[in-house]
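Architecture and fold: a report
One-letter residues, chain by chain:
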Amino acid sequence: MDQLSAQARWEGRTQRPLLALAVAFAVAYAVPIVDDSAGHSLTAVCTGVEWVVWAAFALDYLVRLALAPHRREFVRQHWPDLCAVVLPVLQPLRLLRLVSTLLLVGRRARMAPQIRLTTYVVGAVVGLLMFGSLAVLSVEREAPHGNIRTLGDAVWWSFTTMTTVGYGDHAPTTGLGRMIAVGLMLSGIALLGVVTANIAAWFISRFEKDDVEERRQTEAIAALTEEVRSLRAEVARLAERERPEGSAGNRASGHDVPAAANAPAPLRRDAVG
């Protein structure tokens, strides 16, 4: 329990700093691509910032692994984090650092309970659009037959690719650019499915809430009807119980007059004669 609480405290304390580092990574990744006239020193600084951010996420993973009560289960449940940490070491490419940082930020954002699904989806869309545009621009701008030369072209291509529209006016020509396009297509389809499922779940929850309220009212009406029916039966039993007692009281007080007393007296013959 202490280890679990320590892990929860660590995740709560490092969430905002890691998000700030992710923003710093975004800036460091975008500056050399947007500003193609950046010097070697500026590019080296941005590359160093990218590696520092990746190292911070790697350290966060190691600390969470050390604080986990069951480390094998932690590794099995958080294998995307491990892949995101190991990939840039195996192949130090900027694109892999980009993918790994996105994965780590997404995993930490999903672990935070206060971040709702809508916020996560919006952030994912904005992040994929931005990083997809920058990534395809970095690999297609210098391609001999490439037609994505500016940031505007890259953003427009990312929009049409994520929404699976595909106008065809801009398209990647390199193998790495096409891999980025496939990733954006799959991500767009997945995010669209998440949004659709979220809207459907909201409508279903509303309908279920209405059904529960209707069932509650129906049960209340049925219980009230049964109570009224039992009260009527009780009143009828009380009335039947009091009716014989009233008749016996009338006979005891002499109010009941025999029928023979009210009959007319017979005429005597001698009185008539």
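Everything below is about the structure shown above.
The sections below set out a description of the structure shown in this document. (Residues numbered from 1 in each chain as written. Predicted model: local features only at pLDDT ≥ 70, side-chain atom pairs only at ≥ 80, totals over all residues. Heavy atoms only, no water.)

A few points about a negative patch on the surface
Judged by side-chain charge, Glu 208, Asp 210, Asp 211 and Glu 214 come together as a negatively charged surface patch. Inspection of the secondary structure assignment puts Glu 214 in helix α8 (residues 175–252). (Patch = residues over 30% accessible without salt bridge, like charges linked within 9 Å, V, L, I, M, F, W, Y side chains within 5 Å. Areas by Shrake-Rupley, 256 points an atom, 1.4 Å probe, with all protein chains shown as cover. Salt bridge = Lys/Arg side-chain N within 4 Å of Asp/Glu carboxyl O. Lys, Arg positive; Asp, Glu negative; His and termini not counted. Charge placed at Lys NZ, Arg CZ, Asp CG, Glu CD. Helix = DSSP H or I, 4+ residues; strand = E, 2+ residues; numbered from the N terminus.)

Here we look at a nonpolar patch on the surface
On the surface, Val 195, Ile 199, Trp 202, Phe 203 and Phe 207 cluster together to form a nonpolar patch covering roughly 510 Å² of accessible area. Positionally, Val 195 belongs in helix α8. Val 195 sits in the partly exposed class, given a relative accessible area of 34%. (Buried < 20%, exposed > 50% of the residue type's maximum accessible area, 1.4 Å probe, protein only.)

Brief notes about the layout of surface pockets
Of the volumes computed, that of the second largest pocket is approximately 150 Å³. Taken together, Val 125, Leu 129, Phe 159, Met 162, Thr 163, Thr 164, Gly 188, Ile 189, Leu 191 and Leu 192 make up the full set of residues lining the second largest pocket. Elements represented by at least two residues in the lining of the second largest pocket include exactly α6 (117–140), α7 (151–162) and α8. The leading source of residues in the lining of the second largest pocket is α8, at four residues. (1 Å grid on protein atoms, 1.4 Å probe; cavity = no way out; pocket = protein on both sides within 12 Å on 5 of 7 lines; lining within 4 Å. Points joined across faces, edges and corners; volume = space filled by probe spheres on them.)

What to know about the packing of aromatic side chains
As enumerated under the stated definition, the model contains five aromatic pairs in all. For the pair Tyr 61 and Phe 74, a centre-to-centre distance of 5.8 Å together with 40° between the ring planes defines the contact as tilted. One end of the pair, Tyr 61, is in helix α2 (residues 40–67); the other, Phe 74, is in helix α3 (residues 71–77), with 13 residues separating them in the sequence. The exposure class of Phe 74 is buried, given its relative accessible area of 4%. (Phe/Tyr/Trp six-rings, centres within 6.5 Å; stacked < 30°, edge-to-face > 60°.)

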